[in-house]
Amino acid sequence: MSRSVVYARRAAATVALAVLAVGCQDAPREEAGAPTGASSASPTAPASATASPSPVATTAANTVDVCRQVDRVILTGSQKIATDSTASVRRDLTGEQVTDQLRRNLADLADDVRAQARRAADPRIRTLIEDTADRIDAGSRASRPAAWMSSTFTGIPAQLTRECHA
């Protein structure tokens, strides 16, 4: 087995474990979706005042949903990378074939992340997720995508947890 195949498999396993660990740390957040002061109308308020939620509450709820979906997309993509890496042992793929497979998986993951960015109502969150997709795309074009995964990809879930769920 070539050294590049072993390296690619180790990188995929490392990434999968890191992403799974971050995904398991999804601490409870205030998910009401509304900031302090944006509570529902009081019982004495006229019925017409409660007809529609505030734009702030709607955007906050959208952000929670989009960030969760991005987490799921990255977790699913990481699991696919790990599964394909494991399957490459059975199929006895060359280092070049493993690298090509990893590039395709990363490009697909970037597309899936970008699709979630289009759903974001908050421009800051949309930009954060688009930037994340661009970073994953860069990994798909890297000369050594397995090395990119070990050095860069492993930090993406933690960054999203800090910035998307904040």
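Since this is a predicted model, take the numbers as computed values, not measurements.

A. Seen up close, the state of the cysteines. Inspection of the entire model under this criterion finds one disulfide. Each sulfur of the disulfide joining cysteine 67 and cysteine 164 lies 1.8 Å from the other. For the disulfide bridge between cysteine 67 and cysteine 164, the dihedral angle about the S-S bond is near -85°, and by the sign convention the bridge is left-handed. One end of the pair, cysteine 67, is in helix α2 (residues 55-91); the other, cysteine 164, is in the segment after α6 (156-163), and 97 residues separate them in sequence. Note on accessibility: cysteine 67 and cysteine 164 belong to one class, buried.

B. Molecular detail of the environment of serine 143. Relative to the helices and strands, serine 143 is located in the loop between α4 (123-141) and α5 (145-151). Between the C-alpha atom of serine 143 and that of threonine 99, which follows or precedes it by 44 residues, the distance is 9.1 Å.

C. Structural detail: the packing of α4 against α6. Contact pair α4 / α6: the axes reach a minimum separation of 11 Å and the direction vectors enclose 175°. By the angle between their directions, the pair α4 and α6 is classed as roughly antiparallel. On the side of α4, the interface is formed by Arg124, Ile125, Leu128, Thr132, Arg135 and Ile136, while α6 contributes Ile156, Gln159, Leu160 and Glu163. By residue class, the composition of the contact of α4 with α6 is five nonpolar, two polar and three charged.

D. Broad picture of the confidence of the model for the chain. On average, residues of the chain carry a pLDDT of 77, and 65% of them reach 70 or more. Taken element by element, the predicted model of the chain shows its lowest mean pLDDT in helix α1 (residues 3-24) (54) and its highest in α4 (95). Below pLDDT 50 for its whole length, residues 20-48 participates in 17 contacts with residues either more than four positions away or in separate chains.

E. Region of the structure containing the packing of aromatic side chains. Following the criterion strictly, the structure yields one aromatic pair and no others. Centre to centre, the rings of tryptophan 148 and phenylalanine 153 are 5.9 Å apart; their planes meet at 45°, and the pair counts as tilted. Phenylalanine 153 carries the same exposure label as tryptophan 148, and that label is buried.

F. Expanded view of the nonpolar core. With 26 residues, the main nonpolar core has Ile74, Val113, Ile129, Ile136, Trp148 and Phe153 as its most contacted residues. Beyond its immediate stretch of four places on either side in the chain, valine 113 contacts Val73, Ile74, Ile129, Thr132, Ala133 and Ile136.

What counts and how
- Residues numbered from 1 in each chain as written.
- Predicted model: local features only at pLDDT ≥ 70, side-chain atom pairs only at ≥ 80, totals over all residues.
- Heavy atoms only, no water.
- Disulfide = S-S within 2.5 Å.
- Helix = DSSP H or I, 4+ residues; strand = E, 2+ residues; numbered from the N terminus.
- Buried < 20%, exposed > 50% of the residue type's maximum accessible area, 1.4 Å probe, protein only.
- Axes fitted to C-alpha atoms, helices over the stretch in contact; angles between N-to-C directions.
- Parallel < 35°, antiparallel > 145°, perpendicular 65-115°, else oblique.
- Contact = heavy atoms within 4.5 Å.
- Nonpolar A, V, L, I, M, F, W, Y, C, P; charged D, E, K, R; others polar.
- pLDDT = per-residue confidence, 0-100.
- Phe/Tyr/Trp six-rings, centres within 6.5 Å; stacked < 30°, edge-to-face > 60°.
- Core = buried A, V, L, I, M, F, W, Y, C linked by side-chain atoms within 4.5 Å.

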